[in-house]
Amino acid sequence: MNDEDRQNALADVVELARLLHALRGLSDEVEALLADAMKIARSSGLSQALIAEAAALSPGRVSQIVKSDGAVVSRSQVHDRVYKITEWPSAALRTYWASFPGRMTMPPYPRRRPTPGR
């Protein structure tokens, strides 16, 4: 391996470490945004069970989050930040979205009817 190859290998390590640390920070921000979004949804009259299904969390966990202290930002602030976050890495994250079991269950997103035999 020559010096250029070693330098490129080290550059890959640095860039991937930078990306990993950035993604961890983004993960923390998204978790806080999700908590705010659940609090906003609950305060708008949605049931904790419905929020739990949409978030793919247990109703007990949603109850803990909704009852927790902390400043809640406005729904428009949450929505704007979520839009900005999802537009940037959407292609890279699309691979992982398929494993998320949450779903919208309010109109215009009707509940899926169970298929026979399930």
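Description of the structure in this document.

Rules used throughout
- Residues numbered from 1 in each chain as written.
- Predicted model: local features only at pLDDT ≥ 70, side-chain atom pairs only at ≥ 80, totals over all residues.
- Heavy atoms only, no water.
- Salt bridge = Lys/Arg side-chain N within 4 Å of Asp/Glu carboxyl O.
- Helix = DSSP H or I, 4+ residues; strand = E, 2+ residues; numbered from the N terminus.
- Buried < 20%, exposed > 50% of the residue type's maximum accessible area, 1.4 Å probe, protein only.
- 1 Å grid on protein atoms, 1.4 Å probe; cavity = no way out; pocket = protein on both sides within 12 Å on 5 of 7 lines; lining within 4 Å.
- Points joined across faces, edges and corners; volume = space filled by probe spheres on them.
- Nonpolar A, V, L, I, M, F, W, Y, C, P; charged D, E, K, R; others polar.

One side chain can pair with another of opposite charge once the charged atoms of both are near each other. Throughout the structure, instances matching the rule amount to 3 salt bridges. One salt bridge connects Arg18 with Glu15, and the closest N-O pair in it is separated by 2.6 Å. Of the two residues, Arg18 and Glu15 are both situated in helix 1 (residues 3-43); the distance of 3 residues between them amounts to about one turn of the helix. Relative accessible area serves as the criterion here: at 44%, Glu15 is assigned to the partly exposed category. One salt bridge in this structure joins Arg81 and Glu29, with 2.5 Å as the shortest N-O distance. Pair noted here: Arg81 is in helix 4 (residues 75-87) and Glu29 is in helix 1, with a separation of 52 residues, a long-range link. Glu29 sits in the partly exposed class, given a relative accessible area of 28%.

Right, let's get into the layout of surface pockets. The space that makes up the largest pocket amounts to roughly 1,600 Å³. If you go around the largest pocket, you meet 32 residues; those closest to its centre are Leu34, Ala37, Ala54, Val82 and Phe100. Looking at the lining of the largest pocket, the elements that each hand over two or more residues are helix 1, helix 2 (48-55), helix 4 and helix 5 (90-97). Here the lining of the largest pocket is built from residues that sort into 24 nonpolar, 5 polar and 3 charged.

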